[in-house]
Amino acid sequence: MKYKHNLPCQSVTTLDSLPFTWERLISKQIPSDPASQKLLEIHLRRYETAASYVQGKRVLDISCGTGYGSQMLRLAGAIAVVGVDICPKTIEYARNHYQENNVEFVCADALTFEWPQQFDVIVSFETIEHLPHPAKFLDHLCSLIIPGGDLLLSAPLGETRHIDPYHLHAFSQEDIFTLLENANFSVDRYRCDDWCLTRGDLLLWRQLYPAAIPTLRQQFFTFRGWQLLSDFFFRGVINVPELMVAAKLITT
């Protein structure tokens, strides 16, 4: 089965064997290497920030992954949380590990998901770089959020498509701000969290995340492969700024 938006969704035999990827974090199974731990720290910090917006609110966590963040938002005081992900196995895992009262997990496409009520807050972390039409995605979120509602969004900045084959875009901070402005969102706050990969991290990740390893053809006959070789041999450290934005839908 193919999944839209180029996100990985492996077949597994049991829920507890759902494999860890850097795309869908499983906090209970995350490797202990520094790069993976830093990635988890950044994700948790994002949800901790989002938690300050959700008290007494209805919340949509779109591209919720394995569901730990949706549970965090409910425990922070949200009156209802809907977590959405396109991968059936991931949603099954979320339902079995992070289901709470007033937390619902739905398997759906982020670009076509519909709900009978609008949300007060929408959380969308590390999603927009995977979508073929980012502007359409933000326009769709406008239909799901109340006027004046809050959007918490994150995305990596700069060229990451050679590191992560599931990324479709290389965004600058200005690109993200422009996309939000065009969708009628006003940026309220933002920050960047740096995530670094050293040569040692890259070598270790080849063992931890074999899906990220380019084939020989990709390594030597594609831009992605040559960019990865260049970063590995000449830069030594790959720094990926991770932008997080809090924006508000402008009332008209």
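Rules used throughout
Residues numbered from 1 in each chain as written. Predicted model: local features only at pLDDT ≥ 70, side-chain atom pairs only at ≥ 80, totals over all residues. Heavy atoms only, no water. Pairing = 2+ DSSP bridges. Helix = DSSP H or I, 4+ residues; strand = E, 2+ residues; numbered from the N terminus. Right-handed = clockwise from strand over helix to strand, strands pointing away. Core = buried A, V, L, I, M, F, W, Y, C linked by side-chain atoms within 4.5 Å. Buried < 20%, exposed > 50% of the residue type's maximum accessible area, 1.4 Å probe, protein only. Contact = heavy atoms within 4.5 Å. pLDDT = per-residue confidence, 0-100.

Peer 1: Could you clarify how one ought to interpret the pairing of strand β3 (residues 103-107) in this entry?
Peer 2: Two strands pair when backbone bridges link them, and strand β2 (residues 80-85) and β3 are joined in this way by five bridges, in the parallel orientation. Looking at β3, one finds that Val81 is bridged to Val103. Each parallel crossover has a hand, and for β2 linked through helix α3 (residues 88-97) to β3 it is right-handed.

Peer 1: It is not clear to me how the nonpolar core should be interpreted in this structure. Could you clarify?
Peer 2: It is characteristic of soluble globular proteins that their nonpolar side chains tend to be buried jointly. Grouped together as the largest cluster of nonpolar side chains are 32 residues, with contacts concentrated most on Phe113, Leu138 and Ile176. Looking at this core, the elements with two or more residues in it are β1 (58-62), β2, β4 (119-125), α4 (134-144), β5 (145-156), α5 (173-182) and β7 (237-249). Among the elements that line this core, the one with the most residues is α4, at five residues. Apart from residues no more than four positions distant in its own chain, Ile176 is found in contact with Ile128, Leu153, Ala155, Leu157, Phe171, Leu243 and Val245. Listed in part, the 22 residues of the second largest apolar core include Ala50, Val59, Val81 and Phe125.

Peer 1: Teacher, can you tell me more about the confidence of the model for the protein here?
Peer 2: Predicted coordinates in regions of low pLDDT should not be interpreted in detail. Looking at the protein, the pLDDT average stands at 81 and 73% of residues meet or exceed 70. Per-residue pLDDT stays below 50 along residues 1-6; that stretch engages in 17 contacts with residues further than four places along the chain or on separate chains.

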